[in-house]
Amino acid sequence: MNRSYSLSGEGTEADARSKESFKFVSEKMASHSPANPDEVPTCSLSVSQVSYTVSERVGPWWDLPSYRKRWTRQILTNVSFHVDSGQILGILGNSGSGKTTLLDAISGRIGNTGKLLGEVCVNGRKLKQEQFQDCFSYVLQSDNLLSYLTVEETLTFTAHLALRRHSSSAIRKKVGMVMAELSLGHVAHCVIGGRVFPGISGGERRRVSIAGQLLQDPKVILLDEPTTGLDSMTANQIVVLLANLAKRDRIVVVTIHQPRSELFRVFSRIAIMSQGELVFCGQPGEMVDFFSDQGYGCPEYCNPFDIYVDLTSVDTRCSERQATTYNRMHDIASAYRSSEIYRRMLGRIEESRQVTDKPCIPFKSKESPSGLSKLGVLFRRTMRNLSRDRMGVLMRLSQNLIYGLFVVFFVMKLDKDVTKGAVQDRIGIIYQAMGASPYTGMLNAVALCEYGGVVPPLWVGGAETQSVQGVPAVRAISDQESKDGLYHKWQMFLAYIFHILPFSIISVFIFSSFLYWTVGMYPEVSRFLCFSGVILVPHVIGELLTLVLMGVVQDPNMVNTGVALLNVAGIMVGSGFLRSNQQMPTVFKMLSYLTFQKYGCELLIVTEFHGLNFTCGDAPGIIPGQCMMSNGDAIIEQGYPGALTRYTQDFIMLYAFLPALVLLGIISFKIRDHLVRR
Ligand SMILES: Nc1ncnc2c1ncn2[C@@H]1O[C@H](COP(=O)(O)OP(=O)(O)OP(=O)(O)O)[C@@H](O)[C@H]1O
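Residues numbered from 1 in each chain as written. Predicted model: local features only at pLDDT ≥ 70, side-chain atom pairs only at ≥ 80, totals over all residues. Heavy atoms only, no water.

Peer 1: Please give an account of the environment of A170 that cites residues and values.
Peer 2: Relative to the assigned elements, A170 resides in helix 7 (residues 168-181). Its relative accessible area of 29% is what places A170 among the partly exposed residues. For the pair A170 and M558, spaced 388 residues apart in the sequence, the C-alpha separation amounts to 45 Å. (Helix = DSSP H or I, 4+ residues; strand = E, 2+ residues; numbered from the N terminus. Buried < 20%, exposed > 50% of the residue type's maximum accessible area, 1.4 Å probe, protein only.)

Peer 1: Describe the nonpolar core, listing the residues and the values that go with them.
Peer 2: Among the nonpolar cores identified, the biggest contains 114 residues, and L45, F81, I106 and F136 are the most heavily contacted of them. The element best represented in this core is helix 9 (residues 232-247), accounting for 8 residues. When neighbours within four sequence positions are excluded, F136 is seen to be in contact with L45, I106, S107, V120, V122, L127, V220, L222 and K364. Counting 67 residues, the second-largest nonpolar core is a separate cluster that includes M442, V559, V662 and I666. (Core = buried A, V, L, I, M, F, W, Y, C linked by side-chain atoms within 4.5 Å. Contact = heavy atoms within 4.5 Å.)

Peer 1: Report on the packing of helix 22 (residues 596-609) against helix 23 (residues 632-639), specifying residues and quantitative values.
Peer 2: Following both chains from N to C, one finds helix 22 and helix 23 inclined at 160°, their axes separated by 9 Å at the closest point. Relative to helix 23, helix 22 is oriented roughly antiparallel. At the point where helix 22 passes helix 23, the crossing takes the left-handed sense. Between helix 22 and helix 23, the contacting residues are I605, V606 and F609 on the first element and G632, D633, I635 and I636 on the second. Here the contact of helix 22 with helix 23 is composed, by residue class, of 5 nonpolar, 1 polar and 1 charged. (Axes fitted to C-alpha atoms, helices over the stretch in contact; angles between N-to-C directions. Parallel < 35°, antiparallel > 145°, perpendicular 65-115°, else oblique. Left-handed = near helix turned anticlockwise from the far one by under 90°. Nonpolar A, V, L, I, M, F, W, Y, C, P; charged D, E, K, R; others polar.)

Peer 1: Help me get a handle on the site of the ligand, residues and values and all.
Peer 2: In the vicinity of the ligand there are 15 residues, among which R73, S95, K99, T100 and T101 approach most closely. G96 is positioned with one of its backbone polar atoms (N or O) 2.9 Å from an oxygen atom of the ligand. A distance of 2.5 Å separates an oxygen atom of the ligand from a polar side-chain atom of T101. For the ligand, whose accessible area on its own is 630 Å², the fraction buried by protein is 68%. Those elements that place two or more of their residues in the shell around the ligand are strand 1 (44-57), strand 2 (70-84) and helix 4 (99-106). Broken down by element, the residue count for the shell around the ligand peaks at 3 residues, all from helix 4. Residue composition of the shell around the ligand, by class: 2 nonpolar, 9 polar and 4 charged. (Near = heavy atom within 4 Å. Polar contact = N/O pair within 3.5 Å; in protein donor to acceptor, adjacent residues only side chain to side chain. Areas by Shrake-Rupley, 256 points an atom, 1.4 Å probe, with all protein chains shown as cover.)

In structure tokens:
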């Protein structure tokens, strides 16, 4: 066995001293241990021989020969442990040791990109695929909470989604109890907060995330790095709080990077991971004894967590260190697997399996779903969050208007004189109105869904972040909540559409009122309303199309590009401005029927030009090349033959794009539901 690791000298004296230094801790643990040996635990979690392998491409995509080859990578290797209710298991390990992957595997959220082997049993019963979600509560590393809701509102909405059959007063009581359990009462009416405005502290946010999971009374709670980014005192408080939660007849499994030595006495079980293997799993006192027996005593006044995690980590900085540290890790793991601690643990797993009258699997509180009520809760929640975002609302309402200002400033006043651009300017305005409004819709969707509604999309380059500098995005929130089984993603999609609709209508109405009357378009109220009604559709389509693509494409930059290209293609083929419809090849003519721009432009042309008579300068006769047509209807007939008779039909066709896209969105989010739940 390689014992090159030395801290304060090896030998029996040092070992004895280190054992002595943690003796008091072990003694305290015994009295502190939530698992009283006389009490029969009501619930147990056994993880047996869990392995996970992924197949990866050898080289980058531009190096085809190596890209074609694949190699298998072992992420988890035969991980086994057993925890009973009342206990808290802390999983330690350096970065990349496989802690998150292990929690994903236990909670059934690993996805099917790799091959997962082994068993996860609760109360000795092997969990089926569809049971994981209903059994475990999983608190992720990042807090995905809506920034503008208060703590109480956040938990109340979650409770309404999770406990639908409960009355409002029962939900209020439940939320109150959970807030009290997590010491959140003093911040109940404070907003969560975000990057640009203050809210509750990071530690309180973590507690809100945990509280959200507790609402469903889970018996098994998994937490991935709940102390990351917190100062050590707050981190300690969180772990102590989790230990207290465990004592109330729950199983808590928590991954943690660098716990302080005081927490030594808080954990009931400690597991150390390295390179996807459990190199140790046992009681804290056993850990000190085990490592001391291997010749790696923990020196006095040192944090045993730091010492043992360092000791079992593989140093990849150079090949020699890598070989030495790997051998050491391997020796310790082998010693653990031949130890009495490991045998006892396997015995506990076997025992729980052998029980003949096994208790049932303790599922979370759940009632039969009512799609409509969930939709209502989601709508109210997103609406309240957005309506409190002053900047977000202001941007939503004014962005079209700001764009309108540019157009008005450029065009100033429409003329009736053809020689002064009467026709060209009108077509230009229609082109701009149809072409630009999908972009504002697209920006809105990306801002709210991907960047939490605060960070402008162009400001942020990154793509696959769940949240940007603490601003949780709606998409990340719904990904997580749908995995928690609170609702389906397509329900969130519908709630999202309903909640943006009033803002879109007002925004477009402000824009069209300003543009229409300032530049002097056809002065008739009914035509103005038609103009507004037409412009609303591309704006909403821009947002809907972005959402539809976001359902299946993860990268927001790709979504932006996709929507922009579709819009450019649509305006080229459908508008008839770049190339007359009659002159286009048949294939483009056919394609134009699939574009909303065809119907929108035709409608706007008729709305503006029908019945309009133009003048032709001061010239007594027709100037060659100019004033060929001075009648609006003739212009319509020439560019869009038959458009005058298709007015209602075009309106129906244009508005038909909205339900079609909603349907496509539902399908796309059902696909996403399937992808994120894998
Ligand atoms: N689906 C996958 N495909 C390829 N590699 C993967 C996959 N899942 C995990 N890994 C790799 O497995 C290793 C363990 O990752 P994991 O996120 O579980 O580590 P961790 O211990 O939680 O790290 P950290 O503490 O930094 O969060 C990493 O090297 C990661 O890149």
